[in-house]
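Examining the three-dimensional arrangement
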Amino acid sequence: MLRRLLERPCSLALLVGCQFAFVAYFSLGGFRNLTALFGRSAGPAVDYSRTHDVYANLSRVGGGTGNGNGPAATPDPARPLPFCPQRSPFLVGPLAVSFSRAPSLEQIRALNPGVRRGGRYRPPQCESRSRTAVIVPHRNREGHLGHLLYYLHPFLQRQQLHYGIYVVHQAGNCTFNRAKLLNVGVKEALKDEDWDCLFLHDVDLIPENDHNLYTCDPWNPKHASVAMNKFGYSLPYPQYFGGVSALTPDQYMKINGFPNEYWGWGGEDDDIATRVRLAGMKISRPPVSIGHYKMVKHKSDKGNEENPHRFDLLVRTQRTWTQDGMNSLSYALLARELLPLYTNLTADIGCDPRARARPGAAPGAPPGAAGASRFRQEMLRKAPREDLPALPPLSLSLSPPRRGDNNGSAAAPRREGTVTVTATARGGNQSVASALP
């Protein structure tokens with residue numbers, strides 16, 4: 001049968017065509033693409049035993065020509081600046097990161113004289129090729145914030161970026177909501193400037209290699225913190241999107257921002273990875289050898305306990321992602337302060353509606369305990385019918401009814417409006433496009 005099949009001209013032509021495509025694919029780098037499907041390439045070899053001080057020769061960055069060739073005259077304001085090189089000449093590779101002592105904000109400010117109020121910087125001798133906003137959710141982590149600012153400012157200056165750092169502080173004592181704070185930061189940052197790239201950055205992660213560029217992939221959202229010391233400098237699972245990520249404003253609105261319903265630790269990064277897939281995009285990453293991050297050791301935070309509802313929310317992501325995000329964001333901006341090293345945004349984002357006490361529930365009882373108790377009492381009051389055959393005992397698992405979304409925010413000086421979003425479905429993939437007010 002195979003012999004007769006090969007004797008047909010069309011079958012022979014198809015076989016020759018497949019062989020030609022196979023050879024062309026591997027000749028044009030197809031093998032690298034193939035290995036990327038089954039495992040992440042480690043990338044170029046990097047020796048992290050030989051590290052550099054992030055502040056070494058930093059004065060050359062602020063006073064050089066922009067190409068690493070030494071000092072230059074003050075640029076003429078009447079003439080436009082040339083673009084910075086595609087790759088900064090000031091990069092040194094692996095950086096020495098230590099948390100033995102926490103520097104004061106005054107010390108960090110003295111070490112970074114080129115940083116303007118609000119945490120803004122732009123290269124003095126050339127026009128940066130990227131405008132990056134770094135957005136950091138924060139509450140009661142002043143020590144971690146000091147470490148991040150100490151390393152991040154010179155790190156970004158070495159990359160010759162035009163950047164700004166925004167720290168979004170959650171007011172009050174309600175459960176921490178990282179993803180909602182990032183939505184607030186994105187919305188407020190885009191009011192200031194037309195940023196090209198949004199870097200969403202945990203406060204306790206420090207980059208260890210300045211070749212890990214804080215610029216966006218124009219095609220897909222980027223996950224930058226590929227290799228953390230917490231996970232043995234490897235990616236914990238393929239769809240992991242936590243820690244440090246980067247999106248263009250268009251990509252951010254295409255996934256409808258981040259979810260607002262994840263109160264407490266865990267779940268929101270997996271939700272975001274699902275949104276990326278549903279919006280028809282993929283996650284891009286730097287090589288593992290470049291995306292190294294060191295985490296500041298700390299104990300679990302009070303008010304940021306593990307989210308017991310995260311798995312229920314993840315199951316519903318495919319149905320709810322077009323309704324939960326930037327188009328449903330509600331908050332009160334209490335303060336906007338242009339501090340020497342960053343822009344501080346203090347926001348009231350409300351409280352978790354599921355955390356409120358339920359009638360009949362004992363203090364400290366798990367969610368749904370009151371409902372289960374009422375159900376049991378109702379069943380015990382009903383006498384069994386004698387005409388029915390005996391049945392084996394049933395095991396019931398009850399979930400508490402979800403209350404209406406009431407964030408419980410107190411009155412505040414300014415209540416932000418809702419962003420208008422248009423959702424379209426095409427071939428099973430949904431995309432969300434929106435414009436900020």
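What comes next concerns the included structure.

Scoring rules and cut-offs
- Each chain carries its own residue numbering, running from 1 in the written order of its sequence.
- The predicted nature of this model means local features are confined to residues of pLDDT at least 70 and side-chain atom pairs, given and counted, to a pLDDT of 80 or more, with totals for whole chains, interfaces and linings taken over all residues.
- Each side-chain value is derived from all of the structure's non-hydrogen atoms; neither hydrogens nor water enter the calculation.
- Put simply, DSSP marks the helices as runs of H or I at least four residues long and the strands as runs of E at least two long, and each gets a number from the N terminus on.
- Between two residues, a contact is recorded if the distance between any of their heavy atoms is within 4.5 Å.
- In protein, a polar contact means a hydrogen-donor-capable atom and an acceptor-capable atom, both N or O and within 3.5 Å, with residues adjacent in sequence counting only if both atoms are side-chain atoms; elsewhere, any N or O pair within 3.5 Å suffices.
- Throughout this description, buried means an accessible area under 20% of the type-specific maximum (1.4 Å probe, protein chains only), exposed means over 50%, and partly exposed covers the range between.
- The span expected for a helix works out to 1.5 Å for each residue beyond the first.
- Pairing between two strands is assigned when DSSP locates at least 2 bridges connecting them.
- What counts as a disulfide here is a pair of cysteine sulfur atoms lying within 2.5 Å.
- His is not counted here, nor are the chain ends, while Lys and Arg score as positive and Asp and Glu score as negative.
- In the sections that follow, a salt bridge refers to a side-chain nitrogen of Lys or Arg positioned within 4 Å of a carboxyl oxygen of Asp or Glu.

**Re the environment of D270**
As for its placement among the helices and strands, D270 is situated in helix 9 (residues 268–278). Spatially, the C-alpha atoms of D270 and F241 are 6.6 Å apart, while their sequence positions differ by 29 residues. Sequence-distant contacts of D270, defined by excluding residues within four places in its chain, comprise Y237, Q239 and L314. There is a polar contact of 2.6 Å between the side chain of D270 and the side chain of Y237.

**So, the environment of L152**
Position of L152 relative to the elements: it lies in helix 6 (residues 142–158). For L152, a relative accessible area of 1% translates into the label buried. Sequence-wise, L152 and I165 are 13 residues apart; in three dimensions their C-alpha atoms are separated by 9.4 Å. Look past the residues within four positions of L152 in its chain and what remains in contact with it is V134, I165, H201, P207 and Y214.

**So, helix 6**
One full turn of an α-helix is made of 3.6 residues, so residues set three or four places apart face in the same direction. Look at helix 6: 25 Å from first C-alpha to last across 17 residues, which is about the 24 Å you get at 1.5 Å a residue. Burial within helix 6 is extensive, with 15 of its 17 residues counted as buried. Backbone geometry just downstream of helix 6 places Q160 in the positive-phi region, at approximately 55°.

**Examining the sheet that holds strand 9 (residues 292–295)**
Spatial strand order, 5-9-7: three strands in an open sheet with mixed pairing. The sheet terminates laterally at strand 5 (205–207) and strand 7 (227–228), the two strands that pair on one side only. Looking at chain direction, strand 5 and strand 9 are connected through three bridges and run antiparallel. By the bridge assignment for strand 9, I206 is matched with K294.

**Things to note about the state of the cysteines**
Between two cysteines, a covalent bond joining their sulfur atoms is known as a disulfide. A complete count under the given rule lists three disulfides for this structure. A sulfur-sulfur distance of 1.6 Å marks the disulfide that ties C174 to C351. One end of the pair, C174, is in the loop between strand 3 (162–170) and helix 7 (178–192); the other, C351, is in the loop between strand 11 (343–348) and helix 12 (369–381), and 177 residues separate them in sequence. Each member of the pair, C174 as well as C351, is classed as buried. For C197, the disulfide goes to C216, at an S-S distance of 2.1 Å. Linking C197 and C216, the disulfide has an S-S dihedral of approximately 80° and is accordingly described as right-handed. Of this pair, C197 sits in strand 4 (residues 197–201) while C216 sits in the loop between strand 5 and strand 6 (222–223); the two residues are 19 residues apart in sequence, bridging distant segments of the chain. Like C216, C197 is buried. Sequence-ordered numbering of the bonded cysteines in the protein chain gives a disulfide pattern of 1-2, 3-6, 4-5.

**Comments concerning the side chain of R158**
Looking at where R158 falls in the secondary structure, it is placed in helix 6. D210 provides the closest opposite charge to the buried, unpaired R158, separated from it by 4.5 Å. Non-local contacts of R158, meaning those with residues more than four positions away in its chain, are made with D53, V54, Y55, A56, N57, L58, V61, S88, F90, L91, V92 and D210.

**Looking at the pairing of strand 4**
Of all five residues in strand 4, five are buried, a share of seventy percent or more. Side chains of strand 4 alternate between two faces, with C197, F199 and H201 and L198 and L200 buried alike. Where strand 2 (residues 131–138) meets strand 4, four bridges bridge the pair, whose relative direction is parallel. By the bridge assignment, V134 is partnered in strand 4 with F199. Where strand 4 meets strand 8 (residues 244–247), four bridges bridge the pair, whose relative direction is antiparallel. Its bridge partner lying in strand 8, F199 is registered against A246.

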